[in-house]
Amino acid sequence: MSSSTPVGRSFPDLAHVWRAGELGSASLQTVDTGYAALNHVLPGGGWPQGALVEVLQPQAGLHEWGLVVPALACVQAAAPDLLTVLVGAPWLPFGPALGARQLNMQRLLSIHGKPGDAPSLLWATREALQCADVHSVLAWLPDARSAHVRRLQIAAHAHNKLLFVFRPLRAQQESSPAPLRLHVESVAGEAGQLRVGVFKRRGPPLAAPVLLDTRPARLAALLAASRERARRQREEAGVPAPMLQPSPVSPPVTSPQGPIHALLDRIAHLDHH
């Protein structure tokens, strides 16, 4: 039996009904990402609470904190007695840099396992999700499989935790129960700039990646002032500007120590005065 009534009009507008062509948001508890452009493309306008966020990147340890630290600081401020748990982090977090972003390092707990011991890391992640004293979990699980991720998604939902799982790019070819999957990479020649692609969300595909400036406002201002000072000095000396200007700060790749940490340490010092 045919009908001339459009499909979209044949169902009432119900809060709990989601149409696949729309960005899902009904009855979804979220946490502000700290980036308006990213909030705009995520269902509910932020990181989903009680769900797994899967972040794929070329190399572990480079972009995670710039992406998630604003939300963690927000959640921590709302629940200062609870913990953020790190499982299998490739590097120990650098305190002054994160402190400059308003993150309380005394409420971070880092759990390390033996290299390649995926079962132990998965077990520690599930235990952290079940702990009442924990509000968020960050887990680096390069060897996790779809079945493992599914168990973590179930645990995050059951205990209403904020959960980020970081995996290599090859995982994009695998199925995943994560309701939100991102691809993150740096912008060439632009320190602190991230390109975030959303290739799975509750809504239509995202046409283009989102560009984020993850540098703290004070650091960005300091770098801008440094560039302006260098420009004026060149003008006064009559030296033409170079065709290509190298980035003033490059994030460390193989070591948790480097120039960016010394500069952020100065920023943290300024924030306390």
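Residues numbered from 1 in each chain as written. Predicted model: local features only at pLDDT ≥ 70, side-chain atom pairs only at ≥ 80, totals over all residues. Heavy atoms only, no water.

Participant: Teacher, can you tell me more about the environment of Val87 here?
Facilitator: Counting through the fold element by element, Val87 comes out in strand E4 (residues 83-87). With 24 residues separating them along the chain, Val87 and Ile111 place their C-alpha atoms 4.8 Å apart. (Helix = DSSP H or I, 4+ residues; strand = E, 2+ residues; numbered from the N terminus.)

Participant: Mind showing me how you'd approach the pairing of E4 here?
Facilitator: Walk down a regular strand and you will see the side chains alternate between the two sheet faces. Taken across its 5 residues, E4 has 5 buried, putting it largely inside the fold. On E4, burial covers both faces: Leu83, Val85 and Val87 on one face and Thr84 and Leu86 on the other are all buried. Inspection of the sheet shows E4 paired to strand E6 (residues 134-140) by 5 bridges, in the parallel sense. Among the inter-strand pairings, Leu86 is bridged to a residue of E6, identified as Leu138. (Buried < 20%, exposed > 50% of the residue type's maximum accessible area, 1.4 Å probe, protein only. Pairing = 2+ DSSP bridges.)

Participant: Please clarify how unusual backbone geometry should be interpreted in this entry.
Facilitator: Excluding glycine, residues mostly carry a negative phi; peptide bonds, for their part, are mostly trans. The phi angle at Gln102 is positive, at roughly 70°, despite the residue not being glycine. Looking at the element boundaries, Gln102 is found in the loop between helix H3 (95-99) and strand E5 (108-111). Exposure remark for Gln102: the relative accessible area of 57% places this residue in the exposed category. A positive phi angle, close to 55°, is found at Asn160, a residue other than glycine. You can see Asn160 is positioned in the loop between helix H5 (146-159) and strand E7 (162-168). Classification of Asn160 as partly exposed rests on a relative accessible area of 36%.

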